[in-house]
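Structure at a glance
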Amino acid sequence: MVCGLVMAVAQGGAVSWFIDRLRDAQLVFTGFILMGLALILLMIPRAMPFIVLLTAVFGFGMALLIPILATMFSRYSNSSAGTVLEVQNAVNSLGQAMGPLAGGLLFTLSIHLPYLLTGLLLLGSTVLLMKEFGEKHHGGLP
Amino acid sequence: MSVDFLGGSLSAAVLPVTAAFVADLTSASQRDKGMAWMGSAAGLGMMVGPALGGWLAEVDFSREYQLWVFVFDAFLMPFFTAGGLALLALAATIIWVREPPDLQADRTGVSLMGMLSGLMARKSFRTLLYFPFLVQFAMALFEGTFAFLRTWAWY
């Protein structure tokens, strides 16, 4: 609920502020950092207000990433944005199917493991992002 | 489960096609904002939907109708409402949504497989595929385990 509310409100307002000031790759970078840090920090607090706050940060990261990634995908098409975005949708669905599966398995080992590993994966992905889409390589655009 | 599968199969194309339409209608500099507005609208729907469904399921309509094997009662109201809203959206799409003439590309002779293999040959595209996977993976993992985390936080 918190995540959905933040995503809906942020995408209608605050995300535009970021879009005006940052390039696509920088926006994705910011989204990965916010999501990754929120997941890792979720291991620390036991007070509900902090968990809600970190959930909001996680949701804001998602709100940044979803429109920007769709835009980046759409730039690979000349006349068939639908095809490219369908490919993205298929990958989205794969992630949605595998997330709870992996989360459940990791949860049986430790309550913190799903958050720690996914958080590290998100933070580590910034390296791949900058390597492939950083300004030196593609001017920040695909 | 079969109905769920059918519903998922039929509705899967809505968001990507809407996103493609937004991509077509916006300039390169405004596309991010267009996608964000679309995401915001979809997010609001996903928030309001469960609340409305919950409310409709609890409203006492007091009557029950039967047609062949189908029983229409209060329990089914959320489904009928969702179906009705989808039909309304379909009518609105037919009436108001038009592809601008300058964007009506000639797609004759365009091979889907050729297009896909051309995309997959590009390293940056293959790398880009990993990012939405990871984002949705993280989101689904978070949603799937949040209830446990909340229990841990309380006890």
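For the structure itself, consult the block above.
All of the points below concern the structure found in this document.

Conventions and cut-offs
- Residues numbered from 1 in each chain as written.
- Chains lettered and ligands numbered in written order.
- Predicted model: local features only at pLDDT ≥ 70, side-chain atom pairs only at ≥ 80, totals over all residues.
- Heavy atoms only, no water.
- Helix = DSSP H or I, 4+ residues; strand = E, 2+ residues; numbered from the N terminus.
- Buried < 20%, exposed > 50% of the residue type's maximum accessible area, 1.4 Å probe, protein only.
- Contact = heavy atoms within 4.5 Å.
- Areas by Shrake-Rupley, 256 points an atom, 1.4 Å probe, with all protein chains shown as cover.
- Rg over C-alpha atoms; globule rule 2.2 N^0.38 Å.
- Lys, Arg positive; Asp, Glu negative; His and termini not counted.
- Charge placed at Lys NZ, Arg CZ, Asp CG, Glu CD.
- Phe/Tyr/Trp six-rings, centres within 6.5 Å; stacked < 30°, edge-to-face > 60°.
- Buried area = accessible area lost by both parts, 1.4 Å probe.
- Salt bridge = Lys/Arg side-chain N within 4 Å of Asp/Glu carboxyl O.
- Polar contact = N/O pair within 3.5 Å; in protein donor to acceptor, adjacent residues only side chain to side chain.
- Nonpolar A, V, L, I, M, F, W, Y, C, P; charged D, E, K, R; others polar.
- Expected span 1.5 Å × (residues − 1).
- Arc of directions from axis to C-beta.
- Axes fitted to C-alpha atoms, helices over the stretch in contact; angles between N-to-C directions.
- Parallel < 35°, antiparallel > 145°, perpendicular 65-115°, else oblique.
- Left-handed = near helix turned anticlockwise from the far one by under 90°.

Before going further, it helps to examine the overall build of chain B. Looking only at helices and strands, chain B features six helices and two strands. Secondary structure of chain B in N-to-C order comes out as α-α-α-β-β-α-α-α. Looking at the 155 residues of chain B, the share that counts as buried comes to 27%. Put simply, 25% of the contacts in chain B that link residues at least 6 apart link residues at least 24 apart. For chain B, the exposed surface amounts to about 10,500 Å²; the carbon and sulfur share of it is 70%.

So, on to the overall build of chain A. Within chain A, the regular secondary structure consists of seven helices and zero strands. The helix and strand sequence of chain A, counted from the amino end, reads α-α-α-α-α-α-α. Relative to its length of 142 residues, chain A is compact, with a C-alpha radius of gyration of 16 Å against a globular reference of 14 Å. Summarising its shape, the C-alpha atoms of chain A cover approximately 50 × 30 × 30 Å along the three principal directions. The buried share of chain A, reckoned over its 142 residues, is 50%. Restricting to contacts in chain A with at least 6 residues of sequence separation, those with at least 24 account for 72%. Of the side-chain charges in chain A, 6 are positive and 5 negative, and the distance between the mean point of each set is 10 Å.

This part covers the packing of aromatic side chains. By the definition in use, this model includes ten aromatic pairs over all chains. Pairwise contacts between aromatic rings join F32 and F133 of chain A together with Y130 and F131 of chain B into one cluster.

We now examine the interface of chain B and chain A. Residue-level contacts link 55 residues of chain B with 74 residues of chain A. Interface of chain B and chain A: buried area, both sides summed, is about 5,800 Å²; carbon and sulfur atoms make up 75% of it. Counting every contact that joins chain B to chain A gives two salt bridges. Where chain B meets chain A, there are nine residue pairs in polar contact (both at pLDDT 80 or more). Contributing elements (two or more residues each) for the side of chain B that touches chain A: α2 (14–25), α3 (31–58), α5 (112–120) and α6 (123–154) of chain B. Here the side of chain B that touches chain A gets 27 residues from one element, more than from any other, and that element is α6 of chain B. Looking at the side of chain B that touches chain A, its residues break down into 40 nonpolar, seven polar and eight charged.

As a further point, take α2 of chain B. Between its first and last C-alpha, α2 of chain B extends 16 Å over twelve residues, near the 16 Å set by a 1.5 Å rise per residue. Among all positions of α2 of chain B, only P16, A19, A20, V22 and A23 of chain B are buried. Taken down its axis, α2 of chain B places every buried residue within 160 degrees of arc, on the same side. Looking at the buried positions of α2 of chain B, the neighbouring elements they touch are α4 (48–74) and α5 (81–109) of chain A together with α3 of chain B.

As a packed pair, helix α1 (residues 2–12) of chain A and α3 of chain B sit with axes 7 Å apart at the nearest point and diverge in direction by 150 degrees. In terms of orientation, α1 of chain A lies roughly antiparallel with respect to α3 of chain B. Read as a crossing pair, α1 of chain A and α3 of chain B show a hand that is left-handed. Listed contacts from α3 of chain B to G4, L5, A8, Q11 and G12 of chain A of α1 of chain A are M35, A36, W37, G39, S40, G43, L44 and M47 of chain B. Taken together, the residues of the contact of α1 of chain A with α3 of chain B sort by class into seven nonpolar, six polar and no charged.

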